[in-house]
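A look at the structure
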Amino acid sequence: EDQVTQSPEALRLQEGESSSLNCSYTVSGLRGLFWYRQDPGKGPEFLFTLYSAGEEKEKERLKATLTKKESFLHITAPKPEDSATYLCAVRGYQKVTFGTGTKLQVIP
Amino acid sequence: DTAVSQTPKYLVTQMGNDKSIKCEQNLGHDTMYWYKQDSKKFLKIMFSYNNKELIINETVPNRFSPKSPDKAHLNLHINSLELGDSAVYFCASSSTSGNTIYFGEGSWLTVV
């Protein structure tokens, strides 16, 4: 069965303090790895899709990378508005499996 | 214009009642989903429909019955509600390739 494990569960950063979130996965036939952002009381908001090892995508202060076993979401010089839960998901042959997320808090 | 909209946003009901959550998407997608997010934020797929046909039905009690009248709508009906059904239910949609799934704002169901 496809599995996604995210670490850490929670992360507290000072504004400007860069860090990385980890997503480890096992999947039969990876057809895409997704990163989502979820704010309290909202639905997940799509950030990135990665398809193959070595691929990287960037958006503002966020950069997602992919290897054969894990993905990282790097956050450079975060701001308080980056505070949210970040979800990782993988698409196998039939369905998308989500991790439980990393709750990021950025302190001014 | 909201891409994936679901109603109601909040629902408080008693055990044993029957309730429905409605979902509509205006993205032109042909695949729609229902996900359940529990108190630990774990997002788990319940159902997936492609062109009004059920293609994924995870281990969900028979009390949950999805209905897709057309490609743009996927409703969820729940019979005989139990305390354990309390959760946030998200409707979502994607193209057939499923490369990007767009979520609604969620429906907060509380069973008392």
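Below you will find a few notes about this structure. On a predicted model such as this, the values are computed, not experimentally measured, just so you know.

Attention now moves to the overall build of chain A. Along its length, chain A carries zero helices and eleven strands. Listing each helix as α and each strand as β along chain A from the N terminus yields β-β-β-β-β-β-β-β-β-β-β. Taken against the 2.2 N^0.38 rule, which gives 13 Å for 108 residues, the C-alpha radius of gyration of chain A at 13 Å falls within 12% of a compact globule. Each principal axis of the C-alpha distribution contributes one length, and for chain A these read about 40 × 30 × 20 Å. Sequence-distant contacts in chain A: of pairs separated by 6 or more residues, those separated by 24 or more amount to 54%. Summing over all exposed atoms, chain A offers an accessible surface of approximately 5,400 Å²; the carbon and sulfur share of this is 47%.

Within the structure shown, the criterion is met by eight salt bridges over all chains. Of the charged contacts, one joins Lys63(A) and Glu56(A) as a salt bridge, the two residues approaching to 3.4 Å between their closest N and O atoms. When the shortest N-O distance is used, the salt bridge between Arg61(A) and Asp82(A) registers 2.8 Å. Placement of Arg61(A) in the loop between strand S6 (56-59) and strand S7 (62-66) and of Asp82(A) in the loop between strand S8 (70-75) and strand S9 (84-91) is noted, with a sequence separation of 21 residues between them. It is possible to trace a salt-bridge network through shared partners that takes in Arg63(B), Glu82(B) and Asp85(B).

Residues and elements named next belong to chain A. Relative to strand S5 (residues 45-50), strand S4 (residues 33-38) runs antiparallel, the two sharing five bridges. From the neighbouring strand, Arg37 faces S5, where its bridge partner is Glu45. Taking the residues between adjacent antiparallel strands as the criterion, S4 and S5 are bridged by six residues, where Gly41 takes a positive phi near 75 degrees.

Quick look at the packing of aromatic side chains now. Scanning the model with the defined rule gives eleven aromatic pairs over all chains in all. Between Tyr36(A) and Phe98(A), the aromatic rings sit 5.7 Å apart at their centres with planes inclined by 50 degrees, giving tilted as the arrangement. Of this pair, Tyr36(A) sits in strand S4 while Phe98(A) sits in strand S10 (residues 96-98), placing them 62 residues apart in sequence. Between Tyr33(B) and Tyr35(B) the ring centres are 6.0 Å apart and the planes differ by 45 degrees, which places this aromatic pair in the tilted class. On the accessibility criterion, Tyr33(B) (5% relative accessible area) is buried. By relative accessible area, which is 0% here, Tyr35(B) ends up buried. Pairwise contacts between aromatic rings join Tyr36(A), Phe46(A), Phe98(A), Tyr10(B), Tyr33(B), Tyr35(B), Phe90(B), Phe103(B) and Trp108(B) into one cluster.

The interface of chain A with chain B comprises 19 residues on the first partner and 22 residues on the second. Of the roughly 1,600 Å² buried where chain A meets chain B, counting both sides, 52% is carbon and sulfur surface. Three residues, Arg91(A), Lys95(A) and Phe98(A), lead the burial of chain A against chain B; their summed loss comes to 27% of the area buried on that side. Scanning the region where chain A abuts chain B turns up two salt bridges. When the shortest N-O distance is used, the salt bridge between Glu58(B) and Lys95(A) registers 2.9 Å. Along the contact surface separating chain A from chain B lie six residue pairs in polar contact (both at pLDDT 80 or more). Of all elements in the fold, only S4, S5, S9 and S10 of chain A reach the threshold of two or more residues within the side of chain A that touches chain B. The biggest single contributor to the side of chain A that touches chain B is S4(A), with three residues.

So, how was this worked out
- Residues numbered from 1 in each chain as written.
- Chains lettered and ligands numbered in written order.
- Predicted model: local features only at pLDDT ≥ 70, side-chain atom pairs only at ≥ 80, totals over all residues.
- Heavy atoms only, no water.
- Helix = DSSP H or I, 4+ residues; strand = E, 2+ residues; numbered from the N terminus.
- Rg over C-alpha atoms; globule rule 2.2 N^0.38 Å.
- Contact = heavy atoms within 4.5 Å.
- Areas by Shrake-Rupley, 256 points an atom, 1.4 Å probe, with all protein chains shown as cover.
- Salt bridge = Lys/Arg side-chain N within 4 Å of Asp/Glu carboxyl O.
- Pairing = 2+ DSSP bridges.
- Phe/Tyr/Trp six-rings, centres within 6.5 Å; stacked < 30°, edge-to-face > 60°.
- Buried < 20%, exposed > 50% of the residue type's maximum accessible area, 1.4 Å probe, protein only.
- Buried area = accessible area lost by both parts, 1.4 Å probe.
- Polar contact = N/O pair within 3.5 Å; in protein donor to acceptor, adjacent residues only side chain to side chain.

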